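Commentary on secondary and tertiary structure
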Amino acid sequence: MDERLIEVAFPLKQTSLDSVHEKNVRHGHISTLHIWPARRPLAACRAALIATLLPDPGNTEERKELLERLGGRVVQRVKPKKLPGGRIEEQVTEEHWGRESSEDLNWFREKICAAYGGRAPKVLDPFAGGGAIPLEAMRLGCEATAVDINPVAWFILKCTLEYPQQLANQRRPLPAFACESYEFMESYFKAKGFKDAALRVQLESLGLNGHKQSSSQPQLPAIQTHVASVEADLAWHVRAWGWWVLQKARADLARFYPTVDGKPTVAYLWARTVTCKNCRATIPLLKTRWLCKKENKRVILTMKPNETRTGVDFGVRTDLQPGKGSLAERLEFDKQVGGGTMSRSGATCPCCGTINTKEDIQQEGLKGCLGAVMTAVVVEGANGKEYRLPTTEENRLAPEAESELNEVFTQIPFGLPKETLTLDAKGNTWCVLYGVDTFQKLFTPRQLLALGCFVKYTRALRNVMKSEGYSDEWIEAVGANLACAISRLLDYCNCGVQWKLDATTINHFFVRFAVPISWDYAEGNTIGDSAGSYELCYQRICTALDTYSTWGISAPTPHIANVSAVTWCDNHLDAIVTDPPYYDAIGYAVIMDFFYVWLRRTLYGLSAEIDAAFQQPLSPKWDKEHNDGELIDDSSRFGGDKAKSKAVYEDGMFRAFQACYKSLKTDGRLVIVFAHKQPDAWGTLVSAIIRAGFVVDGSWPIQTEQVSRMRAQSSAALASSVWLVCKKRPETARPGWDNQVLQEMQSKITQRLHDFWDAGIRGPDFVWAATGPALEAYSEHPVVKKSNEPGKVMSVSEFLRHVRRMVVDFVVGRVLSHNGGQDAVSGLDDVTTYYLLHRYDFGMESAPIGPCILYAVSCGLSDAALTSRYDLLARTGGQTPVEEEAAEGNAEKSEGEEEGTSSTVKLKQWYQRKNPSMGYETLVGPPAPLIDQVHRLMHLWKAGDVTKVDDYLYTKGLGHNALFHQLLQALIELAPAGSEERALLESISNHVAARGVMPAYRLGLME
Ligand SMILES: C[S@@+](CC[C@H](N)C(=O)[O-])C[C@H]1O[C@@H](n2cnc3c(N)ncnc32)[C@H](O)[C@@H]1O
């Protein structure tokens, strides 16, 4: 096999559409088995694996066919969309999904097997995390190996890859208690497609006449239907035992969740409290007093000082009418009537008005003096959710749960989760700063009791299953999946969970990957049936398992290892596809310890292998003695030494790539996902890859987040992740010379740039797509020396600067020539080049910072210089610190997304650029950027003084500057029709033409 498909072409658009779509799939997706940060979409992993494992056909026709089979066709749909004000607009969207289990997968499986001479290729992911890559490798029939240093990830990999595969073709009778339950068997047969009379036949065959059958029900018709088997797969056994656990736990917990007036409890709402530093009153820390804010239902919590002014009395108000006026006025009204006590400055005492600052609250927290008060209870009424104050009984019961904790936790290995939370350099677990420093403190007593009960019974079922004749294999698989159900419950059952005002339900905790402190929170009903109940949690696990069984995976047994990627060695691998950690983007171990401590308790004793993985009280972070561990840039591990931490991370990654090199066959391929917005970080990792012995020869940016999600787009992670393709460099490779390497790069890349452009790749994606192929010329050599500077080498970053410049010149050439030009433009200054790139992609709208940094770097600039020195960009999105955002309740993200700090920028309008020196150069400085000169001309023209315009044109020699004419023309086309900007530019253009200096037509582009 010579070239691989991924080294030549890739269905970029289709894969991006599928990947984005997948993020919205919540039911049945394998990712719902367990939370793991930064999961990659299966669609992206699948397409990358196929294109890596299959050879490029070598001719355009066959390649096109293969790409179409891999990606399918993008379909355009016109959908009506309601705009604010009721106007309906037709929107064209591009759609392309539903290929998850398409028939084509079998075709690809066969093709891949054939490409490897009839055997299953061996594929490794040494940073496997949630397992998206190895899972797709298995679906493609490969022999997959998944490695991760974190025991929680390792456990998820077992649940995702190993157990379902092990029991894939096994069925066994459902346990007796399930067969005896009308409720359970009814759901079982319904899921098998039985309904009405046929359903009743099935139930009767088990002697279940049903409590639901009334005397008025018609007699069973004499229908002919076979009696379905109660031999069920793993998913149904997990359902049965989850149901068993629930019944047991319900019996123990019911008294702690009393039903008042026949209305089941949905959630208890709480606020932390602090004592006012001035008047000593108890202040409830509330971000908002809104309880429900929907169009047709508006409920707030009222609050007034109590008689003794030692605290507040709450009430519930349901008759609140919306405010009047504009949207802004109505929003302001809502803010006023439903405002809480918390603001950015701290908590305002409702009794004396004193502001207790965040530092005051922090001090109280560290002394263990923060309390909590139940503010309201949400119940399920006949017509939806109802809100009321807690009863005396409810107030009494909540703390009473504490007295039962010892009894439950003495039956659980390692007892209550008293392990200490680790505070990393990034402050991911910043609740610690407020005294919430052990895992136990993250829960109310009732939550601890409930979790303890579910753990206790999940452990107890092992013996019961054994007595029912289950094999160890089955017991481990069922026990492990129900441990996942507890992890899922944990995400909904802790003191950080928020009440959603619009959806009137509780949200899950990990809306961002951090463990913050929440001032107010919601406590769901673990034994009920709404969000936050154990029932919904185990059901979701089973739905994911159902999906798995429909896939019918046929692949060799996967290998799953809980070791470091640095030490992993496995000769003869055909491909390594991996998505490593990036600097300090996510503190996996520190954050996922939240699950670790509970999994350790739940799983202990399930197998020797599991006990070994969860031996330590917390997951491994960094082992100084062995210089190995989780590869994260976290300076807290090195006494705050940032440089050391960065160096250790980079060295670790280098060693991991070296291990990949050793493990790969000579013609194997390494594909590395890169998802960091800083192109500099990219340069560092790429040089580590090259040093480890690889040639980089491809890069594809796959979009994984919805474009509309600006918050996600502007986060530290890219909206696109770049998939970098590498092959082994022959050991005979010789050092190269910079001039030759640059020449080779230029000749290689020119055709590729045209191909990518013709394939419709645009924007930052274009830069990323071109970078990989360009890097081939550089990385073919173990080192590239500088011909004019003896003893010096050209770094990757230097080389990349040349590449990016060439790429952006090509793009600007297209922009200046209406896509029609044949060549790149040259000689245009950096700032104007940046302006055109930015304007072409984002117009004058806010743009995510990631691509802007890439463009800036490509033009030899920085976003900071463009904002301050050149006054070209304005920051539009705040760099909100993680802590503040979460505390203000702004974190509204869906499960599994990455997060960082938000930031957006936009181009300044010409009239906003008021610096008097704009467009004039200093005596010693470089010439003023051409875009500044155009904007200066616009100011002069607008002022109406033609003499000044002519003087300016003359002194700058603009009339004879071909680039000026091209730029003017391009700006006219980029400006909105009918705008003042366009009118001014056209007037200037006509004026220049009329003066006969040079016609305002498009000139041939420069060579
Ligand atoms: C970006 S995540 C992988 C996510 C994965 N692709 C998915 O779709 O779920 C990176 C992973 O590297 C793991 N990791 C960090 N250091 C490691 C090391 N030294 N060896 C192996 N795994 C490591 C982390 O635990 C984390 O799961």
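Residues numbered from 1 in each chain as written. Predicted model: local features only at pLDDT ≥ 70, side-chain atom pairs only at ≥ 80, totals over all residues. Heavy atoms only, no water.

Turning our eyes to something else, we now look at the sheet that holds strand E29 (residues 847-848). One open sheet accounts for three strands, arranged E29-E31-E30; its pairing is antiparallel. Two strands in the sheet have a free side with no partner beyond their single neighbour: E29 and strand E30 (873-875). For E29 and strand E31 (residues 904-907), the ladder comprises two bridges, and the chain directions are antiparallel. Opposite Ala847, over in E31, you have Val905 as the bridge partner. (Pairing = 2+ DSSP bridges. Helix = DSSP H or I, 4+ residues; strand = E, 2+ residues; numbered from the N terminus.)

Of all residues adjacent to the ligand, which total 24 residues, the nearest are Arg40, Gly130, Asp148, Ala565 and Gly629. At a separation of 2.8 Å, an oxygen atom of the ligand approaches a polar backbone atom of Gly130. Between the ligand and Asp148, the relevant distance is 2.7 Å, taken from an oxygen atom to a side-chain nitrogen or oxygen of the residue. In isolation the ligand offers 600 Å² of accessible surface; the protein chains occlude 100% of this area. The pocket occupied by the ligand, as judged from atoms lying within 2 Å of grid points, is the largest cavity. For the shell around the ligand, the class distribution of residues is 13 nonpolar, six polar and five charged. (Near = heavy atom within 4 Å. Polar contact = N/O pair within 3.5 Å; in protein donor to acceptor, adjacent residues only side chain to side chain. Areas by Shrake-Rupley, 256 points an atom, 1.4 Å probe, with all protein chains shown as cover. 1 Å grid on protein atoms, 1.4 Å probe; cavity = no way out; pocket = protein on both sides within 12 Å on 5 of 7 lines; lining within 4 Å. Sits in = over half its atoms within 2 Å of the grid points. Nonpolar A, V, L, I, M, F, W, Y, C, P; charged D, E, K, R; others polar.)

This part takes up helix H18 (residues 588-603). Considering bend angle alone, the principal kink of H18 is centred on Phe594 and spans about 50 degrees. Counting buried positions along H18 gives 16 out of 16 residues, so the element sits mostly inside the fold. Backbone geometry just downstream of H18 places Gly605 in the positive-phi region, at approximately 90 degrees. (Bend = angle between axes of the 7 residues up to and from the residue. Buried < 20%, exposed > 50% of the residue type's maximum accessible area, 1.4 Å probe, protein only.)

What follows covers the pattern of salt bridges. Tallying each qualifying case throughout the model produces 52 salt bridges. Asp932 serves as the salt-bridge partner of Arg913, at 2.8 Å between the closest nitrogen and oxygen. Residue Arg913 is located in the loop between E31 and helix H30 (930-943), and its partner Asp932 is located in helix H30; the two are separated by 19 residues in the primary sequence. Taking relative accessible area as the criterion, Arg913 reaches 1% and is therefore assigned buried. Given a relative accessible area of 7%, Asp932 falls into the buried group. Ionic pairing is found between Lys956 and Glu921, a salt bridge with its closest N-O pair at 2.4 Å. Separated by 35 residues along the polypeptide, Lys956 in helix H31 (residues 946-956) and Glu921 in the loop between E31 and H30 bring together distant segments of the chain. For Glu921, a relative accessible area of 35% corresponds to the partly exposed category. Among the charged side chains, a network of salt bridges with common partners joins Arg255, Glu393, Arg396, Glu400 and Glu404. (Salt bridge = Lys/Arg side-chain N within 4 Å of Asp/Glu carboxyl O.)

In the contact formed by helix H25 (residues 796-816) and helix H26 (residues 830-842), the axes pass within 10 Å of each other and the chain directions differ by 65 degrees. Classified by chirality, the crossing of H26 by H25 is left-handed. Between H25 and H26, the contacting residues are Arg805, Val808, Asp809, Val811, Val812, Val815 and Leu816 on the first element and Asp830, Thr833, Leu836, Leu837 and Tyr840 on the second. When its residues are assigned to classes, the contact of H25 with H26 shows eight nonpolar, one polar and three charged. (Axes fitted to C-alpha atoms, helices over the stretch in contact; angles between N-to-C directions. Left-handed = near helix turned anticlockwise from the far one by under 90°. Contact = heavy atoms within 4.5 Å.)

This part covers the environment of Ser343. If you trace the backbone, Ser343 turns up in strand E12 (residues 342-343). Looking at Ser343, the relative accessible area reads 29%, which means it is partly exposed. Separated by 14 residues in the primary sequence, Ser343 and Thr357 have C-alpha atoms spaced 9.4 Å apart.

Here the focus is empty space enclosed by the protein. Once rolled over the atoms, a probe with the size of a water molecule shows which space is left empty. Applying the stated criterion across every chain yields a total of eight cavities of 30 Å³ or more. Put simply, the largest cavity is a space of about 360 Å³. Lining the largest cavity are 29 residues, with Phe127, Ala128, Gly129, Asp148 and Asp579 positioned closest to its centre. (Points joined across faces, edges and corners; volume = space filled by probe spheres on them.)

All right, on to the sheet that holds strand E20 (residues 559-561) then. Here we have seven strands laid out as an open sheet, ordered E20-E4-E3-E21-E24-E26-E25, and mixed in their pairing. Here the strands that pair on one side only, and so sit at the sheet edges, are E20 and strand E25 (694-703). Put simply, the sheet's adjacent strands are angled 15 degrees from each other on average, direction ignored. As paired strands, strand E4 (residues 143-147) and E20 are joined by three bridges and run parallel to one another. The partner of Ala146 across the bridge, within E20, is Ile560.

Our focus in this paragraph is the nonpolar core. Core analysis: the largest hydrophobic core is formed by 317 residues, its most contacted members being Phe454 and Tyr834. With 13 residues, the top contributor of residues to this core is helix H16 (residues 472-492). (Core = buried A, V, L, I, M, F, W, Y, C linked by side-chain atoms within 4.5 Å.)

Taking 1.5 Å of rise per residue, the 17 residues of helix H24 (residues 763-779) would be expected to cover 24 Å, and the 25 Å separating its terminal C-alpha atoms lies within 8% of that figure. Of all the bends in H24, the largest measures some 30 degrees and sits at Thr771, one to four residues before the proline Pro773. Taken across its 17 residues, H24 has 16 buried, putting it largely inside the fold. (Expected span 1.5 Å × (residues − 1).)

Take the environment of Tyr492 next. When you line up the elements, Tyr492 lands in helix H16. In this structure the C-alpha to C-alpha distance between Tyr492 and Ser533, which are 41 residues apart in sequence, comes to 8.1 Å. Excluding anything up to four places from it in sequence, Tyr492 contacts Val497, Ile506, Asn507, His508 and Gly532.

Okay, the pairing of strand E21 (residues 573-578) next. Where burial is concerned, most of E21 is hidden: six out of the six residues are buried. Where E21 meets strand E24 (residues 664-674), five bridges bridge the pair, whose relative direction is parallel. Considered in E24, the bridge of Ala575 is made with Arg669.

Within this structure, the stated rule accounts for 43 aromatic pairs. An aromatic cluster is built from Phe177, Phe184, Tyr188, Phe189, Phe194, Trp236, Trp241, Trp243, Trp244, Tyr470 and Trp474, whose rings are joined through pairwise contacts. Here Arg69 stacks its cationic end above the ring of Trp107, 3.9 Å away from the centre of that ring. In this structure, Arg172 is placed above the aromatic ring of Tyr470, and the distance from its NZ or CZ to the ring centre is 3.9 Å. (Phe/Tyr/Trp six-rings, centres within 6.5 Å; stacked < 30°, edge-to-face > 60°. Lys NZ or Arg CZ within 6 Å of the ring centre and 35° of its normal.)

Our next topic: the side chain of Ser181. With respect to the secondary-structure elements, Ser181 resides in the loop between helix H7 (176-179) and helix H8 (182-191). Accessibility expressed as a relative area gives 9% for Ser181, which makes it buried.

Further remarks concern the confidence of the model for the protein chain. Residues of the protein chain with pLDDT of at least 70 account for 89%, and the chain-wide mean is 88. Scored below 50 in pLDDT, residues 213-224 shows twelve contacts in the model against residues more than four places distant or in partner chains. Low confidence marks residues 879-902, where pLDDT is under 50. Its contacts with residues over four positions away, or in another chain, come to 73 contacts. (pLDDT = per-residue confidence, 0-100.)

So, about the pairing of strand E7 (residues 265-275). With respect to burial, E7 is a largely interior element, ten of its eleven residues being buried. By the bridge criterion, eight bridges tie E7 to strand E15 (residues 371-381) in an arrangement that is antiparallel. Among the inter-strand pairings, Leu269 is bridged to a residue of E15, identified as Ala376. In the sheet, E7 pairs with strand E19 (residues 520-524) via five bridges, with the strands oriented antiparallel. Of the residues in E19, the one forming a bridge with Ala271 is Asp520.

The next point concerns unusual backbone geometry. Positive phi, normally seen in glycine, also occurs at Phe414, with a value near 75 degrees. Among the secondary structure elements, Phe414 is positioned in the loop between helix H14 (402-409) and helix H15 (445-467).

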